[in-house]
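Remarks on the overall topology
Below, each chain spelled out in residue letters.
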Amino acid sequence: MASRIHRELERVYWEHRQGLFTLALSITRCSSRAEDAVQDAFGRLWRLRKPPRGELTPYVFAAVRNAAIDQMRRNAGMIQPPEEVSIFDAKAEDPAASVLEAERQELVRQAVEALPDDQRQAIILHVYGGLTFDEVATMLAEPLPTIASRYRRALEKLKQALEKVKSQ
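Read on for a plain summary of the structure.

Cut-off values and rules
Per chain, the residues get numbers from 1 upward, laid out in the order the sequence is written. Side-chain atom pairs in this predicted model are given and counted only at pLDDT of 80 or more, local residue features only at pLDDT of at least 70, and totals for whole chains, interfaces and linings cover all residues. In computing side-chain properties, one takes all heavy atoms of the structure into account and sets aside hydrogens as well as water. By convention in these notes, a salt bridge is any Lys or Arg side-chain nitrogen within 4 Å of a carboxyl oxygen on Asp or Glu. Only DSSP runs of H or I reaching four residues or more are called helices, and only runs of E reaching two or more are called strands; each is numbered from the N terminus. Only protein chains enter the calculation, and the probe is 1.4 Å; a residue is then buried if its accessible area is under 20% of its type maximum, exposed if over 50%, and partly exposed in between. Helix span is expected to be 1.5 Å times the residue number reduced by one. For every element, the axis is a line fit to its C-alpha atoms; helices are fit only across the contacting stretch, and the angle between N-to-C directions ranges from 0 to 180 degrees. By definition in this entry, angles of less than 35 degrees are roughly parallel, angles greater than 145 are roughly antiparallel, angles of 65 to 115 are roughly perpendicular, and the rest are oblique. The sense of a crossing depends on the near helix, which, turned anticlockwise from the far helix by less than a right angle, makes the crossing left-handed and, turned clockwise, makes it right-handed. Between two residues, a contact is recorded if the distance between any of their heavy atoms is within 4.5 Å. In this count, Pro and Cys sit with the nonpolar residues alongside Ala, Val, Leu, Ile, Met, Phe, Trp and Tyr, while Asp, Glu, Lys and Arg are called charged and the others, Gly among them, polar.

Applying the stated rule across the entire model yields ten salt bridges. For glutamate 8, the salt bridge is made with arginine 11, and the minimal N-O distance between the two is 3.0 Å. One end of the pair is glutamate 8 and the other is arginine 11, both in helix α1 (residues 2–28) and three residues apart, which spans about a single turn. Residue classification places glutamate 8 among the partly exposed positions, given a relative accessible area of 30%. Taken together, the shared-partner salt bridges in this structure form one network comprising Glu8, Arg11 and Glu15.

Quick look at helix α3 (residues 56–74) now. Side chains of residues three or four places apart in an α-helix project in the same direction, reflecting 3.6 residues per turn. Taking 1.5 Å per residue as the helical rise, α3 with its 19 residues ought to reach 27 Å, and the 27 Å between its terminal C-alpha atoms agrees with that figure. Regarding α3, the residues found buried are Leu56, Thr57, Pro58, Val60, Phe61, Ala62, Ala63, Val64, Ala67, Ala68 and Gln71.

Position of glutamate 10 relative to the elements: it lies in helix α1. Given a relative accessible area of 41%, glutamate 10 falls into the partly exposed group. Separated by 32 residues in sequence, glutamate 10 and phenylalanine 42 have C-alpha atoms that sit 9.5 Å apart.

Describing two packed helices takes the angle between their axes plus the distance from one axis to the other. The interhelical angle for the contact between helix α2 (residues 31–46) and α3, taken along N-to-C directions, is 125°, at an axis separation of 8 Å. Comparing their axes, α3 and α2 come out oblique. Helix-helix and strand crossings are classified by hand; for α2 and α3 the assignment is right-handed. Two secondary-structure elements touch here, α2 through Arg33, Asp36, Ala37, Val38, Asp40, Ala41, Phe42, Arg44 and Leu45 and α3 through Tyr59, Val60, Ala63, Val64, Ala67, Ala68, Asp70, Gln71, Met72 and Arg74. Tallied by class, the residues present in the contact of α2 with α3 amount to twelve nonpolar, one polar and six charged.

With their axes 9 Å apart at the nearest point, helix α5 (residues 117–128) and helix α6 (residues 133–140) run at an angle of 130° to one another. In this view, α5 runs oblique relative to α6, as classed from their interaxial angle. Crossing angle aside, the handedness with which α5 passes α6 is right-handed. Facing Gln121, Leu125 and His126 of α5, the residues of α6 in contact are Phe133, Val136, Met139 and Leu140. Per-class residue counts for the contact of α5 with α6 are five nonpolar, two polar and no charged.

The following block contains the structure:
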């Protein structure tokens, strides 16, 4: 039985590893803490004796989210926090990437980071994590209409923020 859980955990990891890291990074804002959160979550999940009820993918995302929050709590009293990073800090593979693209990414980053936590999580989990709204609702233990509404409000705020910048 345990080996079946392990195979399923491996599958979820390989299918969603970037989304899991992105979720942890959006909470911790530190790549090393995000990596630690994913590792902590999978260490705990690996010790499960029986599979959780329902879908495993939202359960794993919830475990990573909780581990990232734990990372933040454990390191809240740090005198000098590590350099903050963002999910938008990745460097383009093409070294000749245009300045306009870099500016656009910075505007999107600022707009997403300015969203309220619940709306930002809906965007990150759906867009960057690749979860369906049903999976996001399951993961956050919220009703599906609430998640869809948060996502829609977040998109409206992003649109307004980006249009405001565009008109300047």
